[in-house]
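Below, each chain spelled out in residue letters.
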Amino acid sequence: MLLVEHKSRGKNLDKAYTQALDYFPGIKERDLPKYVLVSDFARFRLYDLEEGTQQEFKLADLHKRGNSRSSAARKLAAVRALGKHLRHEGEITGDPAAL
């Protein structure tokens, strides 16, 4: 499961992460997310809660080489999940790559 918290461009991603964690008390243990993605729509920070790791990347840099396949795949999956969420919420229509 992935929990996503969005902020306006340029906002503090540490605060967004803290806010995302504030949702945990209302979630059943079995439903707790494996990942938390925080974003200001230009920057993304993906936390792997099981591994205890985090990766930060810019949307504009997602396509660049130098990422391992598994790292790039996790980033792409996070961006796709974000796009689905934004479409579901009516924030965007069509292809999220157009952002």
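Remember, predicted model here, so these are calculated numbers, not experimental data.

A. Up close: the pattern of salt bridges. Following the criterion strictly, the structure yields 7 salt bridges and no others. For the salt bridge of Asp 40 with Arg 43, the shortest nitrogen-to-oxygen distance reads 3.0 Å. For Asp 40, a relative accessible area of 2% puts it in the buried group. Residue Arg 43 is classed as partly exposed on the basis of its relative accessible area, which comes to 22%. The network of salt bridges with shared partners includes Asp 14, Asp 40, Arg 43, Arg 45 and Glu 56.

B. Up close: the side chain of Arg 45. With respect to the helices and strands, Arg 45 occurs in strand β3 (residues 43-48). A relative accessible area of 8% places Arg 45 in the buried class. A polar side-chain atom of Arg 45 sits 2.7 Å from a polar atom in the side chain of Asp 14. Separated by 3.1 Å, the side chains of Arg 45 and Tyr 47 make a polar contact. Those residues in contact with Arg 45, other than ones at most four positions away along the chain, are Leu 13, Asp 14, Val 36, Leu 37, Val 38, Gln 54, Gln 55 and Glu 56.

C. Representation of the pairing of β3 within the structure. Where burial is concerned, most of β3 is hidden: 5 out of the 6 residues are buried. Here 5 bridges tie strand β2 (residues 35-39) to β3, and the two strands are oriented antiparallel to one another. Paired with Ser 39 across the two strands is Phe 44, which belongs to β3. Count of turn residues in the β2/β3 antiparallel hairpin: 3 residues, of which Phe 41 carries a positive phi of about 75°. Sheet topology note: the β3/strand β4 (residues 53-58) ladder contains 6 bridges and is antiparallel. Considered in β4, the bridge of Asp 48 is made with Thr 53. Between the end of β3 and the start of β4, which pair antiparallel, lie 4 residues, with Gly 52 showing a positive phi angle near 70°.

Rules and cut-offs
Residues numbered from 1 in each chain as written. Predicted model: local features only at pLDDT ≥ 70, side-chain atom pairs only at ≥ 80, totals over all residues. Heavy atoms only, no water. Salt bridge = Lys/Arg side-chain N within 4 Å of Asp/Glu carboxyl O. Buried < 20%, exposed > 50% of the residue type's maximum accessible area, 1.4 Å probe, protein only. Helix = DSSP H or I, 4+ residues; strand = E, 2+ residues; numbered from the N terminus. Polar contact = N/O pair within 3.5 Å; in protein donor to acceptor, adjacent residues only side chain to side chain. Contact = heavy atoms within 4.5 Å. Pairing = 2+ DSSP bridges.

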